[in-house]
Amino acid sequence: MTIIVADYGFTHPKIAQLLAAKVGAVGRYFGQDTSSDGKNLTRAEAQLLSAAGISVFSIFEYGAQQAAGGAAQAAKDVTLARQQRHDVGMPFDRPFYFAADFDVPDYAPQSTDPLAKLGPVGEYYSYIHAHMGSVHAGAYGGYWLISRLFDAGLITFGFQTVAWSGGQWDQRACLRQGGATMLGGEADLDTPGRADFGQWTITPAPPPPPPAVEWDGYVTYKQPDGTLHNRGVISADSGKTWQ
């Protein structure tokens, strides 16, 4: 059965809408957003989605061209991503799709080195790969960004958009954003290319252990062999009479 996957930012479809549309996973945002209408995922939202059986995959984006800020911007983004991952209860072993939501130019047209062609954008993703590890290394963007990052060995998870792709799709991308929308235009419809595209849920906390029994007293009784034993007892009236 093919899973229906969507992503959305400032719009917040209700759980009932997602379930009615048979959505099995949603892309939600992390980043520097502080707006009152809430682009970013919250722990409460993650818990509601998880309880409904809808998994989440994580997109890190605020400014469309943040990735052009190179390693200096990546250092800030990695620090924030780690903190927000903890805050929402995202599992440690799941990736972020760090976004470059613009037409990344070819910074070195004469070179065949995929990293050189990415210029400061390559430095951005190099820092993320070095400091978050390959298991967390993902990117969102057009064909040339995703293709060159895979060629450079800097990402394990690729989320490619139809924009800035010239009709080309990198087969290594595990998610495709083809331009279609759903839920009345509130969400983008995405196509997964493999079973694991970085999705996760929050595992419910185990129920608390039963309270420890506090005995009101002990009764000492003699066994047939003459040995004495103590048995804890509980009273219904604080020790006036014994059960």
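Our subject is the structure that appears above.
Figured I'd write up the structure that's included with this text. Predicted model, so just to flag it, every value in this text is computed and none were measured.

Regarding helix H2 (residues 43-51)
- Along H2, the positions that sit buried rather than exposed are Glu45, Ala46, Leu49 and Ser50. Seen along its axis, H2 keeps its buried residues to an arc of 130°; they face one direction. Away from its buried face, by an angle of more than 90 degrees, H2 presents the exposed residues Leu48 and Ala51.
- Buried residues along H2 sit in contact with helix H1 (15-20), strand E2 (23-30), strand E3 (55-60) and helix H3 (70-88).

Here's the deal with the nonpolar core
- Counting residues in hydrophobic clusters, the biggest one holds 42 residues, and the most contacted among them are Phe98, Tyr125, Leu145 and Trp200.
- Elements with a contribution of two residues or more to this core: E2, H2, E3, H3, strand E4 (96-99), helix H4 (114-132) and helix H5 (143-151).
- Tallying contributions element by element places H4 first for this core, with 6 residues.
- If near-sequence neighbours (up to four positions away) are discounted, tyrosine 125 is found in contact with Ala67, Phe98, Ala99, Ala100, Gly138, Ala139, Tyr140, Leu145, Leu149 and Leu154.
- In this structure, Ala25, Phe57, Phe157 and Leu175 belong to the second largest nonpolar core, which totals 13 residues.

Notes on the environment of leucine 183
- You can see leucine 183 is positioned in the loop between strand E7 (175-182) and strand E8 (187-192).
- Distance from leucine 183 to glutamine 17, taken between C-alpha atoms, is 7.6 Å for residues 166 residues apart in sequence.
- Beyond its immediate sequence surroundings of up to four residues, leucine 183 is in contact with Pro13, Gln17, Leu18 and Ala21.

Concerning the packing of aromatic side chains
- According to the stated counting rule, one finds 12 aromatic pairs in the structure shown.
- Centroid distance phenylalanine 57 to tyrosine 97: 6.0 Å. Interplanar angle 90°. Geometry classified as edge-to-face. In this pair, phenylalanine 57 sits in strand E3 while tyrosine 97 sits in strand E4, placing the two residues 40 residues apart along the sequence.
- Given a relative accessible area of 1%, tyrosine 97 falls into the buried group.
- On the basis of an interplanar angle of 70° and a centroid distance of 4.9 Å, the ring pair of tyrosine 140 and phenylalanine 159 is categorised as edge-to-face. Here tyrosine 140, found in strand E5 (residues 137-141), pairs with phenylalanine 159, found in strand E6 (residues 157-161); they are 19 residues apart in sequence, far enough to count as distant. Across the pair, phenylalanine 159 and tyrosine 140 agree in class, each one buried.

What about the side chain of aspartate 7?
- Mapped onto the fold, aspartate 7 is located in strand E1 (residues 4-7).
- A polar atom in the side chain of aspartate 7 sits 3.1 Å from the side chain of glutamine 177.
- For aspartate 7, the residues in contact, after removing those within four places along its chain, are Gly27, Tyr29, Phe57, Ile59, Phe159, Gln177, Ala187, Asp188 and Asp190.

Some words on the pairing of E1
- Both E1 and E2 contribute to a ladder of 4 bridges, which runs parallel. Considered in E2, the bridge of isoleucine 4 is made with valine 23.
- Note on the crossover from E1 through H1 to E2: the handedness is right-handed.
- The pairing of E1 with E8 spans 3 bridges and is classified as antiparallel. Pairing of alanine 6 across the sheet is with leucine 189, part of E8.

Topic: the environment of aspartate 33
- With respect to the helices and strands, aspartate 33 occurs in the loop between E2 and H2.
- Taking the C-alpha atoms as reference points, aspartate 33 and glutamate 61, 28 residues apart in sequence, are found 8.6 Å from one another.
- Setting aside residues no more than four positions away along its own chain, aspartate 33 makes contact with Phe10, Gly38, Lys39, Asn40 and Tyr62.
- Within the structure, the side chain of aspartate 33 is placed 3.1 Å from the backbone nitrogen of lysine 39, a separation counted as a polar contact.

With respect to the packing of H4 against H5
- At their nearest, the axes of H4 and H5 sit 10 Å apart, and the two run at 90° to each other. Classified by the angle their axes make, H4 and H5 are roughly perpendicular. For the pair H4 and H5, the contacting residues are Pro114, Lys117, Leu118, Val121 and Tyr125 in the first and Leu145, Arg148, Leu149 and Asp151 in the second.
- Residues of the contact of H4 with H5, tallied by class, amount to 6 nonpolar, no polar and 3 charged.

About the cut-offs
Residues numbered from 1 in each chain as written. Predicted model: local features only at pLDDT ≥ 70, side-chain atom pairs only at ≥ 80, totals over all residues. Heavy atoms only, no water. Buried < 20%, exposed > 50% of the residue type's maximum accessible area, 1.4 Å probe, protein only. Helix = DSSP H or I, 4+ residues; strand = E, 2+ residues; numbered from the N terminus. Arc of directions from axis to C-beta. Contact = heavy atoms within 4.5 Å. Core = buried A, V, L, I, M, F, W, Y, C linked by side-chain atoms within 4.5 Å. Phe/Tyr/Trp six-rings, centres within 6.5 Å; stacked < 30°, edge-to-face > 60°. Polar contact = N/O pair within 3.5 Å; in protein donor to acceptor, adjacent residues only side chain to side chain. Pairing = 2+ DSSP bridges. Right-handed = clockwise from strand over helix to strand, strands pointing away. Axes fitted to C-alpha atoms, helices over the stretch in contact; angles between N-to-C directions. Parallel < 35°, antiparallel > 145°, perpendicular 65-115°, else oblique. Nonpolar A, V, L, I, M, F, W, Y, C, P; charged D, E, K, R; others polar.

Geometry only, nothing functional implied.
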